[in-house]
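A structural walkthrough
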Amino acid sequence: MTSAIVIYESMTGNTRKAGEMIADQLTAAGIDTVACSTKEILLQQLSEADLVIVGSWTDGLFLFGQKPGGIVRLANLPVIDGKKAAVYCTYALDKGKTLEKLSNVVARRGGDVIGGASIRRDRMDESVADFVDRLLGAIDSGALEAPAEAAGELESANS
Ligand SMILES: Cc1cc2nc3c(=O)[nH]c(=O)nc-3n(C[C@H](O)[C@H](O)[C@H](O)COP(=O)(O)O)c2cc1C
């Protein structure tokens, strides 16, 4: 059975909530998924996961300088060499390049990032459902087996 893990970096709870929704919806669709904080990573589930989804909040000056919140903890995530990964960020108004930066951080830990989503905190339900749909579509079309380039990148949802 395909399994996944969501690892979230959250300060006020939005990214945790999104991560738990993603895990619940993937599990309901047959992908056994757990969610955990970067502060308490479920290492056994991480080592077994076929897909690692990493989420963070947007930290910046609202119109510029945005980056993933908790970037030091993210940069020190366990190495996930060769595993497929996806990323998401939550934000209030303007995410800037947070998603791209998070993608780079996860790639530096060895993750093969197949795509991601930015989730506006006041539109969480729609954005999470859309992200989960796209993840399931990518999984169905073999994204977890093929190299990322061959599987085609997931597009970022700018909702
Ligand atoms: C210090 C700080 C800086 C923030 N900077 C931005 C920003 O530059 N752009 C933005 O859209 N949201 C910004 N936000 C909003 C958060 O990214 C947003 O509320 C996010 O969903 C919080 O996630 P969390 O509840 O998991 O901590 C900022 C929040 C804080 C606390």
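Higher on the page you've got the structure.
Regarding the overall build of the chain
Looking only at helices and strands, one finds six helices and seven strands in the chain. In the chain, the succession of α and β elements from N to C terminus is β-α-β-α-β-β-α-β-α-β-α-α-β. The C-alpha atoms of the chain give 14 Å as radius of gyration, which agrees with the globular expectation for 159 residues (15 Å, within 12%). Seen along its three principal axes, the alpha-carbon backbone of the chain occupies a region of about 40 × 30 × 25 Å. When the 159 residues of the chain are sorted by exposure, 44% land in the buried category.

Description of the nonpolar core
One finds Ile22, Val52, Ile53, Val54 and Val87 to be the most contacted residues of the largest nonpolar core, which totals 42 residues. Of all the elements in the fold, those that place two or more residues in this core are strand 1 (3-8), helix 1 (14-28), strand 3 (51-59), strand 5 (84-91), helix 4 (98-108), strand 6 (112-120) and helix 5 (124-140). The contacts of Val87, once residues within four sequence positions are left out, are Val54, Leu99, Leu102, Ser103, Val106, Val113 and Gly116.

So, the pairing of strand 3
With eight of nine residues buried, strand 3 is to be regarded as a mostly interior element. In the sheet, strand 1 pairs with strand 3 via five bridges, with the strands oriented parallel. By the bridge assignment, Ile7 is partnered in strand 3 with Val54. Here strand 3 pairs with strand 5 via seven bridges, running parallel. Residue pairing across strands places Val54 opposite Val87, the latter belonging to strand 5. Note that strand 3 and strand 4 (residues 67-68) share two bridges and pair antiparallel. For Asp59, the partnering residue across the bridge sits in strand 4 and is Lys67.

Concerning the site of the ligand
The ligand sits among 21 residues. The nearest are Ser10, Met11, Thr15, Trp57 and Gly60. Within the residue set of the shell around the ligand, elements represented by two or more residues are helix 1, strand 3 and strand 5. Looking at the shell around the ligand residue by residue, the classes come out as seven nonpolar, nine polar and five charged.

What counts, and where the lines are drawn
Residues numbered from 1 in each chain as written. Predicted model: local features only at pLDDT ≥ 70, side-chain atom pairs only at ≥ 80, totals over all residues. Helix = DSSP H or I, 4+ residues; strand = E, 2+ residues; numbered from the N terminus. Rg over C-alpha atoms; globule rule 2.2 N^0.38 Å. Buried ≥ 20, exposed ≤ 12 C-beta atoms within 10 Å, placed from the backbone. Core = buried A, V, L, I, M, F, W, Y, C linked by C-beta atoms within 7 Å. Contact = placed C-beta atoms within 7 Å. Pairing = 2+ DSSP bridges. Near = placed C-beta within 6 Å. Nonpolar A, V, L, I, M, F, W, Y, C, P; charged D, E, K, R; others polar.

Keep in mind that these numbers describe shape and distance, not what the molecule does.
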